[in-house]
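Listed below are the residues making up each chain.
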Amino acid sequence: TIDLTGKQPKMDMTIDLEKALLTKLGFTTGPNTNFVSKVKLDVVGVNPNTMEGEMLFTGLNYTEGDKVIDIPSLRLKVDRSADNDVFDITSTLLTGRVEGKVNFNEVVPNFQVQFAQIFPGFYNYTDTRKKKAINNDHFSYTLTTGDLKQFLSIFVPDLSISPGTTLVGDYDGSNKDFDLL
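Analysis parameters
Residues numbered from 1 in each chain as written. Predicted model: local features only at pLDDT ≥ 70, side-chain atom pairs only at ≥ 80, totals over all residues. Heavy atoms only, no water. Helix = DSSP H or I, 4+ residues; strand = E, 2+ residues; numbered from the N terminus. Buried < 20%, exposed > 50% of the residue type's maximum accessible area, 1.4 Å probe, protein only. Contact = heavy atoms within 4.5 Å. Pairing = 2+ DSSP bridges. Phe/Tyr/Trp six-rings, centres within 6.5 Å; stacked < 30°, edge-to-face > 60°.

So, the environment of Leu 94
Part 1 of the argument: As for its placement among the helices and strands, Leu 94 is situated in strand β7 (residues 94-101).
Part 2 of the argument: For Leu 94, a relative accessible area of 26% gives the class partly exposed.
Part 3 of the argument: Put simply, Leu 94 and Leu 143 are 49 residues apart on the chain and 6.8 Å apart in space, counted from C-alpha to C-alpha.
Part 4 of the argument: The contact partners of Leu 94, leaving out residues within four places of it in the chain, are Ile 89, Leu 143, Thr 144, Thr 145 and Gly 146.

A few points about the pairing of strand β10 (residues 177-180)
Look at any regular strand and the pattern is simple: side chains alternate between the two faces of the sheet.
Part 1 of the argument: Here strand β9 (residues 166-172) pairs with β10 via four bridges, running antiparallel. Counted as the bridge partner of Asp 172 is Asp 177 from β10.
Part 2 of the argument: Adjacent in sequence and paired antiparallel, β9 and β10 are bridged by four residues, among which Lys 176 carries a positive phi angle near 55°.

Side note on the packing of aromatic side chains
Part 1 of the argument: Per the stated rule, a full pass over the model turns up four aromatic pairs.
Part 2 of the argument: Each ring, one from Phe 151 and one from Phe 155, has its centre 4.9 Å from the other, and the planes form 40°; the classification is tilted. With Phe 151 and Phe 155 both in helix α2 (residues 149-155) and four residues apart, this pair spans about one turn of that helix.
Part 3 of the argument: A relative accessible area of 30% places Phe 151 in the partly exposed class.
Part 4 of the argument: Assessed through its relative accessible area of 41%, Phe 155 is described here as partly exposed.
Part 5 of the argument: Aromatic rings pair up to connect Tyr 62, Phe 151 and Phe 155 into one cluster.

Right under this line is the structure:
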């Protein structure tokens with residue numbers, strides 16, 4: 001069901017995505033890129049900055065040419081309060097928690113700048129924003145990798161990360177400081 005009577009839409013439904021042809025939909029330029037999954041949504045909101053609830057992807061399959069990523073299950077749970085948000089992710093690729101306040105409009109380009117500085121050979125990004133916004137994002141994170149071979153072979157083929165690698169750190173948007181502890 002989709003309930004549009006509140007301030008934000010509430011979705012409680014299951015979507016059986018048999019095959020999304022991502023190239024034809026304009027999401028990628030790669031040849032024969034598609035996505036398959038069963039998606040169970042129990043969320044309020046559609047904006048990533050305010051969305052809350054749980055998303056469960058099962059039988060997730062991403063194909064790009066002859067390369068495939070198979071993820072049996074991926075669960076994202078988002079709990080929000082005025083002062084603190086908690087994002088929990090569980091899958092065979094990655095298990096982790098992000099806790100604090102996140103503005104997705106700013107944190108993604110800020111991370112891209114940071115990753116390009118840390119891994120210039122792996123990640124090429126030029127910040128084209130005219131005004132570099134200062135924001136009040138602040139959060140901590142703990143992420144533990146699973147088997148990333150399939151994922152990395154498509155998105156960063158020259159990078160290798162061992163299963164069980166744990167990343168712990170925090171981010172302060174007021175000075176765009178991304179710390180890896």
